[in-house]
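Residues per chain, in single letters:
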Amino acid sequence: MRIAIDTMGGDFGPRATLRGTASALLRDSQLSAILVGPQHLLDAELDSLPASLSRVRDRLQTLAVDGIVASDARPSRVLRSREPSSMSRALGLVAKGQADACVSAGNTGALMALGMREVGRVKGVERPAICAAVPTRGARACSLLDLGANVDVAPHHLLAFARMGAMRSRLIDAVARPRVGLLNVGVESVKGTAQVQEAHALLAGSESDFDYLGFVEGGDLFSGKVDVVVCDGFVGNVVLKSSEGLAQMLSAQLGATLAASWRTRLMAWLARPALTRLSRELDPVRYNGASLLGLASVVVKSHGGAAAEGFAFAVTRAASEAREQLPSRLAQALEGTYSR
């Protein structure tokens, strides 16, 4: 299994992406990677690998490309550019069959646009969607899609998103019959826009291998009662980023409260095992990596702010989807769903 890595995306540059990739390879002896980026930067980072990670160096290849997609570049401009970039070359390796999946922490819009150009879409998919996991009170995470690829969608697109999300939940998360909900402003049947109402009718009336629960609200994302939540990209992106901001605020507030006095510091010391376990379970690093579902090959977007450990989880996510041949199995599941 070989993963193509766009090493130049994200806030921390090639050090984080390269070390994160090495960490993923260290955990999985069947993985190898092609690191794409400026050769002098890749060589410098390879030479500075810690001893614990240098053991996988023989499974790390490099492909020299000097061009970089800027974090604020417009996707349309990126598509028009004739200069190869680390992102386009990494996707090209997948398109040519030289890699099984691609991982990038770069510009999301550019990654989706270049992904559609380089690897194409699953047959029958009009709109690929971005899908990520969020932690819940239950035993497993909840998949949320779309997270920003499609701001304006038709009802039949939401039906396709539900099918793609459910298929991924079955194959990757081992959920035999995923529970799917449609995000709305309320669970009552009379609420929501005409678009959401029509999507609800399509989902309720379609034959499927998942359980459609109907409308769900924002709080249901974290309840553990639903496995896949579907919405348009505008709503999904706002929900995800608001959740991330809330988690950061609560963590900071909890730390400040526990350090306020000797009594609270004592309480924190006594509760340290439980707090450590909670922090580990809710750590957003564990959920890093958003799948670009609907592309004809596996492409995973790592959070731009992810450090090496978080990037490693994105690489592992990509490897899992490639092993399960997720795109081709999505094509089978979506065949005949819609062609408008």
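All figures in this text were calculated on a predicted structure; none of them were measured in a lab.

Focus: the sheet that holds strand E11 (residues 298–301)
Line of reasoning, step 1. As summarised here, the arrangement of the 11 strands in space is E3-E2-E1-E4-E11-E10-E5-E6-E9-E7-E8, forming an open sheet in which the pairing is mixed. Strand pairing shows two members of the sheet lacking a second neighbour, strand E3 (60–64) and strand E8 (211–216), which therefore form its edges. Pairwise comparison of adjacent strand axes, ignoring direction, gives a mean angle of 25° for this sheet.
Line of reasoning, step 2. The sheet contact formed by strand E10 (residues 290–293) and E11 spans 2 bridges and is antiparallel. The residue bridging Ala290 from the neighbouring strand is Lys301, located in E11.
Line of reasoning, step 3. Strand contacts of helix H1 (residues 13–27): strand E1 (2–6), strand E2 (32–37) and E3, with the helix running at about 175° to E2, the strand carrying the most contacts.
Line of reasoning, step 4. Sitting on the sheet, helix H7 (residues 155–173) touches strand E5 (129–134), strand E6 (142–145), strand E7 (179–183), strand E9 (228–230) and E10, and the angle it makes with E9 is about 160°.

Brief notes about the packing of H7 against helix H13 (residues 326–334)
Line of reasoning, step 1. The geometry of H7 relative to H13 is characterised by a closest axis approach of 10 Å and an angle of 130° between their N-to-C directions. When the axis of H7 is compared with that of H13, the two are oblique. Our pair here, H7 against H13, has a crossing hand that is right-handed. Each of Ala160, Arg163, Met164, Met167, Arg168 and Leu171 in H7 lies in contact with H13, whose residues at this interface are Leu326, Arg329, Leu330, Ala333 and Leu334.
Line of reasoning, step 2. Here the residues of the contact of H7 with H13 sort into 8 nonpolar, no polar and 3 charged.

A short note on the side chain of Asn288
Line of reasoning, step 1. With respect to the secondary-structure elements, Asn288 resides in the loop between helix H11 (272–282) and E10.
Line of reasoning, step 2. A polar side-chain atom of Asn288 sits 2.9 Å from a polar atom in the side chain of Ser302.
Line of reasoning, step 3. At 2.9 Å, the side chain of Asn288 and the backbone nitrogen of His303 are in polar contact.
Line of reasoning, step 4. Contacts of Asn288, omitting those with residues within four sequence positions, involve Ser302, His303, Ala306, Gly310, Phe311, Phe313, Ala314 and Arg317.

Notes on empty space enclosed by the protein
Line of reasoning, step 1. Per the counting criterion, the structure on display carries 2 cavities of 30 Å³ or more.
Line of reasoning, step 2. The calculated volume of the largest cavity comes to roughly 50 Å³.
Line of reasoning, step 3. What lines the largest cavity is simply Ser291, Leu292, Leu293, Gly294, Leu295, Ser297, Val298, Val299, Glu321, Leu326, Pro327 and Leu330.
Line of reasoning, step 4. Counting only elements with at least two residues in the lining of the largest cavity, the list comes to E10, E11 and H13.
Line of reasoning, step 5. Class assignment of the residues belonging to the lining of the largest cavity gives a composition of 8 nonpolar, 3 polar and 1 charged.
Line of reasoning, step 6. The volume enclosed by the second largest cavity comes to roughly 40 Å³.
Line of reasoning, step 7. If you go around the second largest cavity, the residues you meet are Gly9, Gly10, Asp11, Phe12, Gly13, Ala16, Thr17, Ala105, Gly304, Ala306 and Phe311.
Line of reasoning, step 8. The greatest single-element share of the lining of the second largest cavity, amounting to 3 residues, is contributed by H1.
Line of reasoning, step 9. Of the residues in the lining of the second largest cavity, the class split is 5 nonpolar, 5 polar and 1 charged.

Overview of the environment of Leu49
Line of reasoning, step 1. Looking at the element boundaries, Leu49 is found in the loop between helix H2 (39–47) and helix H3 (51–54).
Line of reasoning, step 2. Using a relative accessible area of 9% as the deciding quantity, one classes Leu49 as buried.
Line of reasoning, step 3. Distance from Leu49 to Met8, taken between C-alpha atoms, is 17 Å for residues 41 residues apart in sequence.
Line of reasoning, step 4. Filtering out sequence-adjacent residues up to four positions away, Leu49 remains in contact with Leu18, Arg19, Ala22, Ser54 and Leu60.

Points about the domain arrangement of the protein chain
Line of reasoning, step 1. Domain boundaries assigned for the protein chain yield domain 1 (1–125 + 294–324) and domain 2 (132–284).
Line of reasoning, step 2. When the two sides are added together, the surface that domain 1 and domain 2 hide from each other amounts to roughly 640 Å², 57% of it contributed by carbon and sulfur.
Line of reasoning, step 3. The interface formed by domain 1 and domain 2 holds 1 salt bridge in total.
Line of reasoning, step 4. For Glu321, the salt bridge goes to Arg168, with nearest N and O atoms at 2.6 Å.
Line of reasoning, step 5. Counting the contacts that link domain 1 with domain 2 gives 1 residue pair in polar contact (both at pLDDT 80 or more).
Line of reasoning, step 6. Counting residues per element, the side of domain 1 that touches domain 2 draws most heavily on helix H12 (residues 308–323), which supplies 3 residues.
Line of reasoning, step 7. Partitioned by chemical class, the residues of the side of domain 1 that touches domain 2 number 2 nonpolar, 3 polar and 3 charged.

So, how was this worked out
- Residues numbered from 1 in each chain as written.
- Predicted model: local features only at pLDDT ≥ 70, side-chain atom pairs only at ≥ 80, totals over all residues.
- Heavy atoms only, no water.
- Pairing = 2+ DSSP bridges.
- Helix = DSSP H or I, 4+ residues; strand = E, 2+ residues; numbered from the N terminus.
- Axes fitted to C-alpha atoms, helices over the stretch in contact; angles between N-to-C directions.
- Contact = heavy atoms within 4.5 Å.
- Parallel < 35°, antiparallel > 145°, perpendicular 65-115°, else oblique.
- Left-handed = near helix turned anticlockwise from the far one by under 90°.
- Nonpolar A, V, L, I, M, F, W, Y, C, P; charged D, E, K, R; others polar.
- Polar contact = N/O pair within 3.5 Å; in protein donor to acceptor, adjacent residues only side chain to side chain.
- 1 Å grid on protein atoms, 1.4 Å probe; cavity = no way out; pocket = protein on both sides within 12 Å on 5 of 7 lines; lining within 4 Å.
- Points joined across faces, edges and corners; volume = space filled by probe spheres on them.
- Buried < 20%, exposed > 50% of the residue type's maximum accessible area, 1.4 Å probe, protein only.
- Domains from an automatic or database assignment.
- Buried area = accessible area lost by both parts, 1.4 Å probe.
- Salt bridge = Lys/Arg side-chain N within 4 Å of Asp/Glu carboxyl O.

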